[in-house]
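# Tertiary structure, described
So you can see what is in the structure, the chains are spelled out below.
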Amino acid sequence: AVVSTQSTGLRTAKIRPACLQVESHPHLPNLELLEYCKREDITFVAYSPLTSPGRRPGQASILENELVREIAERHNASPAQILIRYQIDKGNGVIVKSVTPSRITENLAVTDFSLSPGEVSQLSAISDSLPSGYEKRCCKWDRFHNHPRYPFED
């Protein structure tokens, strides 16, 4: 549904979009939409790459995920740095929110290592192991539910 909505928007746009901001993290990698953006030469920009720890009750923190922590240990990096690098190594732009100076500095220190293609694939597969009915999206768009181009399935 999301890709078909984007296709409609692209066909009807008067100005071709240069980028598309999308919630993206290992719980919600949006791989089909990423491939669409690559085919259409649209930059995929990931927001909420660390999810939003503590924002949604019952939602597991991706920063605490065992695989994310293992990869972080291998690279001598923090889980947040791994999740940011995950987006970069997929060729995506990344928007990370923080107001804490030490975290801002840490979030920028991701240029001295890369993830292997296997690690990127492993991180992308985390979403496949989530229980049925698990709310993968950390940013809710319910207020737009009645919009004719609302792309998310309930």
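A brief structural summary. (Residues numbered from 1 in each chain as written. Predicted model: local features only at pLDDT ≥ 70, side-chain atom pairs only at ≥ 80, totals over all residues. Heavy atoms only, no water.)

## Notes on the overall build of the protein chain
The line we're drawing: Helical segments are the DSSP runs of H or I of at least four residues, strand segments are the runs of E of at least two, and each set is numbered from the N terminus. Per-residue accessibility, obtained with a 1.4 Å probe over protein chains only, is compared with the maximum for each type, and a residue is labelled buried under 20%, exposed over 50%, and partly exposed between these values. To measure how exposed things are, a 1.4 Å probe is used in the Shrake-Rupley method; for residues, cover is taken only from the protein chains shown.
The secondary structure content of the protein chain amounts to six helices and three strands. Sequence-ordered secondary structure for the protein chain, helices as α and strands as β, is α-β-α-β-α-α-β-α-α. The burial tally for the protein chain puts 43% of its 154 residues in the buried class. Accessible area of the protein chain: about 9200 Å², with a carbon and sulfur share of 51%.

## Some points on the sheet that holds strand β1 (residues 19–23)
We count it as follows: Here, strands pair whenever DSSP counts at least two bridges between them. Working convention: axes come from line fits to C-alpha atoms, limited for helices to the stretch in contact. Angles between N-to-C directions cover 0 to 180 degrees.
Taken together, the three strands give an open sheet; going across it, the order is β1-β2-β3, and neighbouring strands pair in parallel fashion. On the outer flanks of this sheet lie β1 and β3 (93–95), each paired with one strand and no other. Mean inter-strand twist for the sheet, computed between neighbouring axes without regard to direction, equals 25 degrees. Across three bridges, the pairing between strand β2 (residues 43–47) and β3 is parallel. Its bridge partner being in β3, V45 is matched across the sheet by G93.

## A word on the nonpolar core
Spelled out, the test is: In this text, buried Ala, Val, Leu, Ile, Met, Phe, Trp, Tyr and Cys residues form a nonpolar core when linked through side-chain atoms within 4.5 Å. Here, two residues are considered to be in contact whenever any of their heavy atoms come within 4.5 Å of each other.
With 19 residues, the main nonpolar core has V68, I82, L115 and L123 as its most contacted residues. Elements supplying a minimum of two residues to this core: α3 (66–74), α4 (79–89) and α6 (117–124). Looking at this core element by element, the count peaks at five residues for α4. Among residues more than four places away in sequence, those in contact with I82 are V68, I71, A72, H75, A77, F113, L115 and L123. Core analysis: the second largest hydrophobic core is formed by ten residues, L10, L33, L34 and I42 among them.

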